[in-house]
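Chain residues, written in single-letter form:
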Amino acid sequence: MLLIRQFELRAIEERQRGLIPGFIHPYVGQEACAVGACAALERDDVITSTHRGHGHLIAKGGDVRLMMAELAARKTGYCAGKGGSLHMTDFDLGILGANGIVAGGIPMAVGAALAFKMRDQHRPSGTRVALAFFGDGATNQGAFHEALNLAGVWKLPVIFFCENNLYGEGTPQHKQGAITQLSARAAAYGMPGVTVDGNDVVAVYRATAEAVARARRGEGPSLIEAVTYRFRGHYEGDPQVYRSREEIAAWQARDPLPRTREALRMRGVTEAQLVALEREVEQQIEAAVQFARESPQADPQDALVGVYGDVHNGAVF
Ligand SMILES: Cc1ncc(C[n+]2csc(CCOP(=O)(O)OP(=O)(O)O)c2C)c(N)n1
Ligand SMILES: [Mg+2]
């Protein structure tokens, strides 16, 4: 969670300094969602992500050096510097990609889950699972409903993980959806739905672990709604005229990071251990920025390389 927070805050800073061109949608405030959910997955399970995807990638094991280099449009980045924030992918880690299309990752996860159901029938530990991260806004897209319906019909090993941060761009959730408890939508597709505190990493982990166990047993999909809040604007630079300072402050009092820090202290982790961890993360972020700065810029001549069937960074695209 610390690594995600520091990665995002540094990316915001480096964007202001000019190292990072293009838009970013910071994940600050939602860290407990990505970390709690991915902690319940194994390395060979897969995730699909969104436009607000840095946290998901880091939680699934993404390399912050390759991520920072990608944001900085460098050849050494995840997509050779050509994709930026919205297309980072690491098949070895089961990261099927960030995604600029709202709800676009949801049917992709259903496709992966269908493949797992067909291929993993005799796997002693149960099937691999797919987990789709998406926002509250995505639940009003047709793709969400079609994907959940098919997953319900075929009882696929997939977890639909909705991060309800109460806004889609500048529109409050209650003005874009006919109901506010989004987990209730699960009933329409024959699967269990649960709402959890998305700022409580342990609660998120427990809910996801239960859904994963169910999926591995062949009992089908689940919908998890994690209620959370983004502390920054929709994108970096968003003037945020649609919400009040008081509302942001009220949610900052529920910041998942100090909450987790406190929970760790209560369980006997010492202040010295926590400070050492914070330093270690700072160093990792510093190294990532250095790596990005020292890497060569993406070359316009390479624009068409890797578009169809070429090999890049060891992965076949
Ligand atoms: C299909 C599609 N429609 C519209 C957009 C523009 N858009 C980008 S993010 C966003 C809001 C998404 O809200 P939500 O799913 O709640 O995710 P959040 O930004 O809150 O994480 C919209 C409408 C898009 N990228 N794709
Ligand atoms: Mg949202």
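The structure reproduced in this document is the subject of the present report. (Residues numbered from 1 in each chain as written. Chains lettered and ligands numbered in written order. Predicted model: local features only at pLDDT ≥ 70, side-chain atom pairs only at ≥ 80, totals over all residues.)

**Observations regarding the nonpolar core**
Within the largest apolar cluster, 84 residues are counted, with the highest numbers of intra-cluster contacts made by Leu-131 and Val-158. Here the element with the most residues in this core is helix α5 (residues 105-119); it accounts for 7 residues. Residues in contact with Leu-131, not counting those within four places in the same chain, are Ala-37, Leu-41, Asp-45, Ile-47, Ala-109, Ile-159 and Phe-161. (Core = buried A, V, L, I, M, F, W, Y, C linked by C-beta atoms within 7 Å. Buried ≥ 20, exposed ≤ 12 C-beta atoms within 10 Å, placed from the backbone. Helix = DSSP H or I, 4+ residues; strand = E, 2+ residues; numbered from the N terminus. Contact = placed C-beta atoms within 7 Å.)

**Details of the packing of helix α2 (residues 31-38) against helix α8 (residues 201-216)**
Relative orientation of the contacting elements α2 and α8 amounts to 40°, with a least axis distance of 7 Å. It follows that α2 is oblique to α8 by the angle criterion. With respect to the hand of their crossing, α2 and α8 are arranged in right-handed fashion. Counting all contacts with α2, which are made through Ala-32, Cys-33, Val-35, Gly-36 and Ala-37, the residues of α8 involved are Val-201, Val-204, Tyr-205 and Thr-208. Looking at side-chain class alone, the contact of α2 with α8 contains 7 nonpolar, 2 polar and no charged residues. (Axes fitted to C-alpha atoms, helices over the stretch in contact; angles between N-to-C directions. Parallel < 35°, antiparallel > 145°, perpendicular 65-115°, else oblique. Left-handed = near helix turned anticlockwise from the far one by under 90°. Nonpolar A, V, L, I, M, F, W, Y, C, P; charged D, E, K, R; others polar.)

**Details of the sheet that holds strand β6 (residues 193-197)**
Strand order in the open sheet formed by 5 strands is β1-β2-β3-β7-β6, and the pairing between neighbours is parallel. Edge positions in the sheet fall to β1 (46-48) and β6, since each of these pairs with one other strand and no more. In this sheet, adjacent strand axes meet at a mean angle of 20° when their direction is disregarded. The sheet contact formed by β1 and strand β2 (residues 130-135) spans 3 bridges and is parallel. Across the sheet, Val-46 pairs through a bridge with Ala-130, a residue of β2. Across the sheet, α5 lies against β1, β2 and β3 (158-164), angled at about 170° from β2, the strand it touches most. (Pairing = 2+ DSSP bridges.)

**Focus on the site of ligand 1**
In the neighbourhood of ligand 1, 15 residues make up the surrounding shell, with Val-102, Gly-135, Gly-137, Ala-138 and Gly-168 lying closest. Mapped onto the shell around ligand 1, the elements with two or more residues apiece are β2 and β4 (167-168). Of the residues belonging to the shell around ligand 1, the class tally is 5 nonpolar, 7 polar and 3 charged. (Near = placed C-beta within 6 Å.)

**Topic: the pairing of strand β7 (residues 222-227)**
β7 sits mainly inside the fold: 6 of its 6 residues count as buried. Along β7, one buried face is formed by Ser-222, Ile-224 and Ala-226 and the opposite face, lined by Leu-223, Glu-225 and Val-227, is buried too. In this sheet, β7 lies alongside β3 in parallel orientation, the contact comprising 6 bridges. Residue Asn-164 lies in a different strand from β7, and its bridge partner there is Val-227.

**What to know about the packing of α5 against helix α6 (residues 142-154)**
Look at α5 against α6: their axes get within 8 Å of each other, and the N-to-C directions meet at 20°. It follows from the interaxial angle that α5 and α6 lie roughly parallel. Judged by the sense of rotation from one axis to the other, the crossing of α5 with α6 is left-handed. The segment α5 lies against α6, with Ile-106, Pro-107, Val-110, Ala-113 and Leu-114 engaging Ala-143, Phe-144, Glu-146, Ala-147, Leu-150, Ala-151 and Trp-154.

**With respect to unusual backbone geometry**
Of note in this structure, Ala-103 is not a glycine but carries a positive phi near 80°. Locating Ala-103 in the fold gives a position in the loop between α4 (64-71) and α5. Positioned with a positive phi, Gln-240 is a non-glycine residue whose angle comes to about 55°. Along the chain, Gln-240 turns up in the loop between β7 and α9 (245-252).

**So, the environment of Ile-179**
By secondary structure assignment, the location of Ile-179 is in the loop between α7 (173-176) and β6. Overall, Ile-179 belongs to the exposed group, with 11 C-beta atoms counted inside 10 Å. Ile-179 sits 92 residues away from His-87 along the chain, and the two C-alpha atoms are 31 Å apart.

**Comments concerning α8**
Taking 1.5 Å per residue as the helical rise, α8 with its 16 residues ought to reach 22 Å, and the 22 Å between its terminal C-alpha atoms agrees with that figure. For α8, the complete set of buried residues consists of Val-201, Val-204, Ala-207, Thr-208, Ala-211, Val-212 and Ala-215. Buried residues of α8, viewed axially, fall in a sector of 135°; they line one side. Just past α8, the residue Gly-218 takes up positive phi, approximately 85°. (Expected span 1.5 Å × (residues − 1). Arc of directions from axis to C-beta.)

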